[in-house]
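Below, each chain spelled out in residue letters.
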Amino acid sequence: MKKTVVTFANAKQNGEKLTMLTAYDYSTAKLIDAAGVDSILVGDSLGNVILGYEDTISVTMEDMIHHGAAVARGAKEALVVIDMPFMSYQTSVYDAVVNAGRLMKEGRAGAVKLEGGVEVAPQIKAITAAGIPVVAHIGLTPQSINCFGGFKVQGKTEDAAKKLLEDAYAVQEAGAFAVVLECVPAKLAKLVTEKLDIPTIGIGAGADCDGQVLVYADMLGMFSDFTPKFVKRFAETGNIMLEAFKKYNEEVKAGTYPKAEHTYAIDDDVIEKLY
Ligand code: KIV
């Protein structure tokens, strides 16, 4: 059965954990969906993981629509959430609604995600009023990396912790149906989770969040440019891929692949007439 915002609300109410993984293409989405993961996030982390940028700033609406639509075709049950890229919603409430609408219509999202707290509450309110479910994202918000001065844990001082709680209340009040907490101390994430009615989805925020999200290439050991402390590698797929690519390279060069069983036959008569 297709997972929806109701799945998220019920999970919070029943104390059941929610699962979310990123994907950026059809084949990966199909596998994640088949594994029973509740939600697939087409994160703007595609800028790092797929496009090779050093941050998410250059990711465009067209990138998100292109990859989002591919994921949506592969996800039969998981709720597909597509990230709103940098400057697609910060500029105005109008831009936010128009661009969220494009992610739904052209990307076939089930919901959109955007970064920020109090300052983007008007955008969240307007997008949800337009009938589009919103996941908020607070704590370390990578689109603001130039203001943070790097990938740093957020909410560690009293003022910063208060601000995080304010942001959490603001996005809930504005209508977000879930909120991602990124790189937040575990005890603070626990407190936010207890205070909110909507589910918290943690990444680097400890075990007490209502759910967890990871970048799929990180948890598969496929992305080695940078591995944050919170990532657990559930497989070493990167090494398996590297070995397979090496083997392919060797076998083709040695003439041991392809073999007869990998080739298509034709009657000798037909070939002889061509000589
Ligand atoms: O873009 C992304 O992958 C994200 C997750 C890290 C939550 O926003």
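Analysis parameters
- Residues numbered from 1 in each chain as written.
- Predicted model: local features only at pLDDT ≥ 70, side-chain atom pairs only at ≥ 80, totals over all residues.
- Heavy atoms only, no water.
- Patch = residues over 30% accessible without salt bridge, like charges linked within 9 Å, V, L, I, M, F, W, Y side chains within 5 Å.
- Areas by Shrake-Rupley, 256 points an atom, 1.4 Å probe, with all protein chains shown as cover.
- Salt bridge = Lys/Arg side-chain N within 4 Å of Asp/Glu carboxyl O.
- Helix = DSSP H or I, 4+ residues; strand = E, 2+ residues; numbered from the N terminus.
- Buried < 20%, exposed > 50% of the residue type's maximum accessible area, 1.4 Å probe, protein only.
- Near = heavy atom within 4 Å.
- Polar contact = N/O pair within 3.5 Å; in protein donor to acceptor, adjacent residues only side chain to side chain.
- Nonpolar A, V, L, I, M, F, W, Y, C, P; charged D, E, K, R; others polar.
- Pairing = 2+ DSSP bridges.
- Right-handed = clockwise from strand over helix to strand, strands pointing away.
- Core = buried A, V, L, I, M, F, W, Y, C linked by side-chain atoms within 4.5 Å.
- Contact = heavy atoms within 4.5 Å.

A. Inspection of a nonpolar patch on the surface at higher detail. A cluster of nonpolar side chains, namely Ile266, Val270, Ile271, Leu274 and Tyr275, defines an oily patch on the protein surface of about 580 Å² accessible area. The residue Val270 is located in helix 12 (residues 268–274) in this model. Residue classification places Val270 among the partly exposed positions, given a relative accessible area of 40%.

B. Broad picture of the site of the ligand. For the ligand, the full set of nearby residues is Thr22, Leu41, Gly43, Asp44, Ser45, Asp83, Lys113, His137, Glu182, Ile203 and Val215. Between Asp44 and the ligand, the recorded distance is 3.1 Å, taken from a side-chain N or O atom to an oxygen atom. One of the side-chain N or O atoms of Lys113 is found 2.9 Å from an oxygen atom in the ligand. Relative to its unbound accessible surface of 250 Å², the ligand loses 95% to contact with the protein. In the shell around the ligand, the residues fall into 3 nonpolar, 4 polar and 4 charged.

C. The pairing of strand 3 (residues 79–83), seen in detail. Counting buried residues along strand 3, 5 of its 5 residues qualify, which places the element largely inside the surrounding structure. Taking every second residue as pointing to the same face, both faces of strand 3 are buried, with Leu79, Val81 and Asp83 on one and Val80 and Ile82 on the other. Summarising the sheet, strand 3 and strand 4 (residues 111–115) pair through 3 bridges and their orientation is parallel. The partner of Asp83 across the bridge, within strand 4, is Lys113. The parallel pair strand 3 and strand 4, bridged by helix 5 (residues 93–105), forms a crossover whose chirality is right-handed.

D. Spotlight on the nonpolar core. Membership of the largest hydrophobic core comes to 58 residues, with the highest contact counts inside it found for Val112, Ile124, Ile127 and Leu181. Sort the elements by how many residues they give to this core and helix 8 (residues 158–174) lands first, with 6 residues. Ignoring anything within four residues of it in the chain, the contact list for Val112 reads Val81, Ile82, Met84, Ala100, Leu103, Met104, Ile127, Ile132, Pro133, Val134 and Val135. Within the second largest apolar cluster, 15 residues are counted, among which are Ala11, Leu18, Ala111 and Ala178.

E. A look at unusual backbone geometry. Going from Tyr257 to Pro258, the amide bond is cis rather than trans, its omega being 0°. Looking at where Pro258 falls in the secondary structure, it is placed in the loop between helix 11 (237–254) and helix 12. At Met87, a residue that is not glycine, the phi angle is positive and equals roughly 75°. Following the sequence through the fold, Met87 ends up in the loop between strand 3 and helix 5. Judged by its relative accessible area of 43%, Met87 falls in the partly exposed class.

F. Seen up close, the pairing of strand 1 (residues 18–22). Most of strand 1 is tucked away: 4 of the 5 residues are buried. Where strand 1 meets strand 8 (residues 211–214), 4 bridges bridge the pair, whose relative direction is parallel. Each residue of the ladder has a partner; that of Leu21, found in strand 8, is Leu214. In this sheet, strand 2 (residues 39–42) lies alongside strand 1 in parallel orientation, the contact comprising 3 bridges. Bridge assignment links Met20 to a residue of strand 2, and that residue is Ser39.

These figures come from the coordinates and say nothing about function on their own.
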